[in-house]
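Fold and contact review
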Amino acid sequence: MRIASWNINSVRLRIGHLARFVDLAKPDVLCLQEIKCREGEFPRNAFADMGMRHLHIVGQKGWHGVAIISKHRLERLPCPPLCPSEEARTAAVQVKGLVIQTLYVPAGGETPDPATNPKFAHKLAFLERMKAWYRGAGSNLVLTGDLNVAPGEHDVWSHKQLLDIVSHTPVETEALEAVRIGGGFTDLARAQTPPPAKLFTWWSYRNHDWAASNRGRRLDHVWASGDVAAGLKASQVFVETRGWERPSDHAPVMVTLR
DNA sequence: ATGGTCGCTAAGCGA
């Protein structure tokens, strides 16, 4: 079973990239973040043409929004109540007996200080809810998404230069590790590609030559608990999508599980 | 220290 996760930054604008990715990677289940549309605006027919006919869409007007799309029949589950402001940032399904969730953690703004930056306070509150929600969550769970935290020193282009940059501050990386360990999750990308290998899934639009400078961060994750983690066969970041015309700033991650 | 680029939806906001 192949499970992919991609922050697509507008599903309507990048439906062509999605078709190209599905053709290339052939995921069974595709989790999307930042779809940036309402449920009724989602390009269902284009996914049906790709053979992905089963959808769970959690959208809102213009911003955020997540979806889980599958080749196989899925059962919709309640959205994990992780967002204090109830934005469309979580979705959960069951596919072939496996629970798959996707999250879009708030980015957190510019200043890593919850006292002066409400967006950072919102992010920390979201991470705290995750910690409580996933503690002892049980096994056979797959958690995917744009978690907006690069947890390890090899998950950013420069650990030292990013220690005070939102997404890599100690308060965030420690919170995310606490979520992962408390929930009994394995970080599948790192199980496959251990440090000190660098691993990135996001490169800023503000960098003119993203490939040459390679100032990336690993913000997108696939975690699994229990027997599912033990069935890991492969994990891959499709870096090449970042070089496609008018790309998302995130590249997709895909795991293969037995 | 600063500014750099996107996508939304109609001037800025969030990323």
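Anything mentioned here points back to the structure above.
Residues numbered from 1 in each chain as written. Chains lettered and ligands numbered in written order. Predicted model: local features only at pLDDT ≥ 70, side-chain atom pairs only at ≥ 80, totals over all residues. Heavy atoms only, no water.

1. Things to note about the pattern of salt bridges
Stated formally: By definition, a salt bridge exists where a carboxyl oxygen of Asp or Glu is found within 4 Å of a side-chain nitrogen of Lys or Arg. The numbering of helices and of strands both runs from the N terminus, where a helix is a DSSP run of H or I of at least 4 residues and a strand a run of E of at least 2. Think of it in three bands: residues with accessible area under 20% of the maximum for their type are buried, residues over 50% are exposed, and the middle band is partly exposed, with areas taken using a 1.4 Å probe on protein chains only.
Enumeration according to the criterion identifies 11 salt bridges in this entry. Between Arg190 and Asp155 there is a salt bridge, with its nearest N and O atoms 2.8 Å apart. In this pair, Arg190 sits in helix α6 (residues 188–192) while Asp155 sits in the loop between β8 (141–146) and α4 (159–162), placing the two residues 35 residues apart along the sequence. A single burial state applies to Arg190 and to Asp155, both of which are buried. In this structure, Arg218 engages Asp187 in a salt bridge whose closest nitrogen and oxygen atoms are separated by 2.8 Å. With Arg218 in the loop between β11 (216–217) and β12 (220–225) and Asp187 in strand β9 (residues 185–187), this residue pair connects regions lying 31 residues apart in the sequence. Residue class for Arg218 comes out buried when judged on its relative accessible area of 1%. A residue is classified by how much of its surface remains accessible, and Asp187, at 10% relative accessible area, is buried.

2. With respect to the protein's contact with DNA strand B
To be explicit about the condition: Any residue with at least one heavy atom within 4 Å of a molecule or strand is counted as near it. Nitrogen and oxygen atoms within 3.5 Å of one another constitute a polar contact, given that in protein one can donate a hydrogen and the other can accept it, and given that sequence-neighbouring residues count only through two side-chain atoms. Throughout this entry, Asp, Glu, Lys and Arg are counted as charged residues, while Ala, Val, Leu, Ile, Met, Phe, Trp, Tyr, Cys and Pro are counted as nonpolar. The remaining residues, Gly among them, count as polar.
Close contacts around DNA strand B come from 19 residues, with Ser10, Trp63, Tyr205, Arg206 and Arg246 the closest. Counting only the atoms of DNA strand B that lie within 4 Å of the protein, the sugar and phosphate share comes to 62%. In this structure, a base nitrogen belonging to DNA strand B sits 2.5 Å away from a side-chain N or O atom of Arg206. At 2.6 Å from a phosphate oxygen of DNA strand B is found a side-chain nitrogen or oxygen belonging to Arg246. Counted by class, the surface near DNA strand B contains five nonpolar, five polar and nine charged residues.

3. Details of the sheet that holds strand β5 (residues 74–77)
The line we're drawing: The pairing criterion is simple: DSSP has to find at least two bridges between the two strands. For helices, the axis comes from a line fit to the C-alpha atoms of the stretch in contact; other axes are also lines fit to C-alpha atoms, and the angle between any two N-to-C directions lies between 0 and 180 degrees.
Spatially, β5-β6-β7-β8-β12-β9 is the arrangement adopted by the six strands of the open sheet, whose pairing is mixed. The open sheet is flanked by β5 and β9, the only strands paired with a single partner. If you compare each strand with its neighbour and ignore which way they point, the axes differ by 25° on average. In terms of strand pairing, β5 meets strand β6 (residues 90–95) through four bridges, oriented antiparallel.

4. Structural notes on helix α3 (residues 118–134)
How we decide: The length a helix should cover is 1.5 Å for every residue beyond the first. Any two residues whose heavy atoms approach within 4.5 Å at even a single point are treated as in contact.
Helix length check: α3, at 17 residues, gives a terminal C-alpha distance of 24 Å against a target of 24 Å (1.5 Å per residue), a fit within 8%. Within α3, burial applies to Phe120, His122, Lys123, Leu124, Phe126, Leu127, Met130 and Tyr134. The secondary structure elements touched by the buried residues of α3 are β6, β7 (98–104), β8, α5 (170–182) and β9. Positive backbone phi, approximately 65°, marks Gly136, located one or two places after α3.

5. Remarks on the nonpolar core
Cut-off, in case you're wondering: Within this scheme, the nonpolar core is defined by two criteria: the residues are buried Ala, Val, Leu, Ile, Met, Phe, Trp, Tyr or Cys, and they are joined through side-chain atoms within 4.5 Å.
If you look at the biggest cluster of nonpolar residues, it comprises 31 residues, and the most contacted ones within it are Ile3, Val29, Ile100, Val142, Leu188, Val255 and Leu257. Contacts of Leu257, omitting those with residues within four sequence positions, involve Met1, Ile3, Val142, Leu188, Val228, Gly231 and Leu232. Trp6, Val22, Phe47 and Ala67 belong to the second-largest nonpolar core, a separate cluster that totals 23 residues.

6. Observations concerning helix α1 (residues 15–25)
Heads up, the rule is: Note that the arc is defined by the directions from the helix axis to the C-beta atoms.
Those residues of α1 that sit buried are His17, Leu18, Phe21, Val22 and Ala25. Taken end-on, α1 shows its buried residues confined to a sector of 135°, consistent with a single buried face. Following α1 by one or two positions, Lys26 has its phi on the positive side, about 50°.

7. Quick word on the side chain of His168
Within the fold, His168 resides in the loop between α4 and α5. Judged by relative accessible area, His168 falls into the buried class, the value being 2%. Within the local environment of His168, its side chain forms a polar contact with the backbone oxygen of Ala150, the two atoms lying 2.7 Å apart. Leaving out residues up to four positions away in the same chain, His168 has contacts with Ala150, Pro151, Gly152, Glu153, Val156, His159, Leu162, Leu163 and Thr173.

8. A closer look at the sheet that holds strand β13 (residues 232–237)
If you trace the six strands from one edge of the open sheet to the other, you get β3-β4-β2-β1-β14-β13, paired in mixed fashion. Edge positions in the sheet fall to β3 (54–58) and β13, since each of these pairs with one other strand and no more. Taken pair by pair, the neighbouring strands of this sheet meet at an average axis angle of 10°, ignoring direction. Helix-sheet contacts for α1 involve β1 (2–7), β2 (29–33) and β14 (253–257), and the interaxial angle to β1 is about 155°.

9. Some thoughts on the pairing of β12
Of all the six residues making up β12, six are buried; the element is thus mostly covered by neighbouring parts of the structure. Neither face of β12 is exposed, since Asp220, Val222 and Ala224 on one face and His221, Trp223 and Ser225 on the opposite face are all buried. Taken together, the three bridges between β9 and β12 define a ladder with antiparallel strand orientation. In the sheet register, Thr186 faces β12, and the bridge partner there is Ala224.

Everything listed is a geometric property; what it means functionally is a separate question.
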